Amino acid sequence: MLDVSEKLRSPFKLKEVEDFVQIEKHCGEVKLLLSKNQDQLQKNVHVIGIWGMGGIGKTTIAKALFSQLFPQYDAVCFLPNVREESRRIGLTSLRHKLLSDLLKEGHHERRLGNKKVLIVLDDVDSFSQLDTLYQPCKYVGPGSKLIITTRDRHLLRRRVDVTHVYEVKTWSIAESLELFSVHAFNERRPKKGYEDLSNRAVNCARGVPLALEVLGSNLYSRTTEFWDDELNKLENYRNDNIQDVLQVSYDGLDDLEKEIFLDIAFFFKGEHKKDVVRILDACDFYPTRGLKVLEDKALITISHSGM
């Protein structure tokens, strides 16, 4: 059992989540999913997925949830950067860390049976990661919760009994302007004289929180002349900080999926899905499968009216 001092101490710096606009809205919506169907669950652990593109705020939401919920549980573990850590130290070591955090002394999974636990697996990107790290959840006590963040929705459809998936979508103009202003001005709205420039910056970010934070921080305390030059550059060249995060999802595609993604980005944005499928099919790109993979990885959005 956690002692009183441990239970009251947040595992994350509050600053990490306080500046994230609408964080309480997102947390409230995930908590609602966590509370659904409690009486109907056949297993002791309730599994929720948080899904969306890179840089959209999945990890921040998971951290905020963990900080709010962890005092209610007998044992807790937040495993960050599962994708990177599994490559760095291996899945066996990562699973050992999970059990170490939950059990403190000894690592026999069956000792979890009398514990109500909270686990967050952050940035999962393969079935092997999910299979290995889900194993201890088979032995946890009633009322336990598992939260998984991922860029790949397909992972949440297999091998794990995910009850609900929370999609983190790109932000509205109003939300984007507020988050950008927090990082650019330390205020919730643009400073006088920076209104039009701020709208340009928000338009460049396209509703992605990471992009808004990076741009806001880069432009903080700069002159309007600097802003104008920086935005002109950004409108013509990529920002490496943002590109590196989004590149992860692209690098995880196979060659045909990359071809389809690039074709859509350059030629088919806004076109009707059936027309895109017909053209790509003629190129032997297997588009029905490929488009579904891209959608599951949050790299494209398919609406009723088109791509």
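Here the structure is shown first, and the text comes after it.
Described in the following lines is the structure provided in the data block.

### What to know about the overall build of the protein chain
The secondary structure content of the protein chain amounts to 15 helices and five strands. Of the accessible surface of the protein chain, which amounts to about 16,200 Å², a share of 49% is contributed by carbon and sulfur atoms.

### Some remarks on the nonpolar core
If you look at the biggest cluster of nonpolar residues, it comprises 29 residues, and the most contacted ones within it are Leu79, Leu102, Ile119, Leu121 and Leu146. Contributing elements (two or more residues each) for this core: β1 (45-51), β2 (75-79), α6 (91-103), β3 (117-124), α7 (127-134) and β4 (144-150). Discounting residues that sit within four places of it in the chain, Leu146 has contacts with Val45, His46, Val47, Ile48, Ile119, Leu121, Tyr134 and Cys137.

### A short note on the sheet that holds β2
A sheet is described by the order of its strands in space; here five strands give the open sequence β2-β3-β4-β1-β5, paired in parallel fashion. Single-partner strands in this sheet number two, and they are β2 and β5 (162-167). Sheet twist, expressed as the average angle between the axes of neighbouring strands with direction ignored, equals 15°. In this sheet, β4 lies alongside β3 in parallel orientation, the contact comprising five bridges. Bridge pairing links Leu118 to Lys145 in β4. Strand contacts of helix α3 (residues 23-35): β1, β4 and β5, with the helix running at about 145° to β1, the strand carrying the most contacts.

### Observations concerning α3
Compared with an ideal rise of 1.5 Å per residue, which puts 13 residues at 18 Å, α3 spans 18 Å between its outermost C-alpha atoms and is within 8% of the ideal. Looking at α3, one finds that the buried residues are Ile23, His26, Cys27, Val30, Leu33 and Leu34. The arc that holds the buried residues of α3, viewed along the axis, is 120°, so those residues lie on one side.

### Details of α6
Taking 1.5 Å as the rise per residue, α6 with 13 residues should run 18 Å; its terminal C-alpha atoms sit 18 Å apart, in good agreement. Those residues of α6 not exposed but buried are Leu94, Leu98, Leu99, Leu102 and Leu103. Down the axis of α6, the smallest arc covering the buried residues is 155°, so these residues share one side. Buried residues belonging to α6 abut β2, α5 (82-89), β3 and α7. Downstream of α6 by one or two residues, Lys104 has phi in the positive range, about 65°.

The rules behind these values
- Residues numbered from 1 in each chain as written.
- Predicted model: local features only at pLDDT ≥ 70, side-chain atom pairs only at ≥ 80, totals over all residues.
- Heavy atoms only, no water.
- Helix = DSSP H or I, 4+ residues; strand = E, 2+ residues; numbered from the N terminus.
- Areas by Shrake-Rupley, 256 points an atom, 1.4 Å probe, with all protein chains shown as cover.
- Core = buried A, V, L, I, M, F, W, Y, C linked by side-chain atoms within 4.5 Å.
- Buried < 20%, exposed > 50% of the residue type's maximum accessible area, 1.4 Å probe, protein only.
- Contact = heavy atoms within 4.5 Å.
- Pairing = 2+ DSSP bridges.
- Axes fitted to C-alpha atoms, helices over the stretch in contact; angles between N-to-C directions.
- Expected span 1.5 Å × (residues − 1).
- Arc of directions from axis to C-beta.

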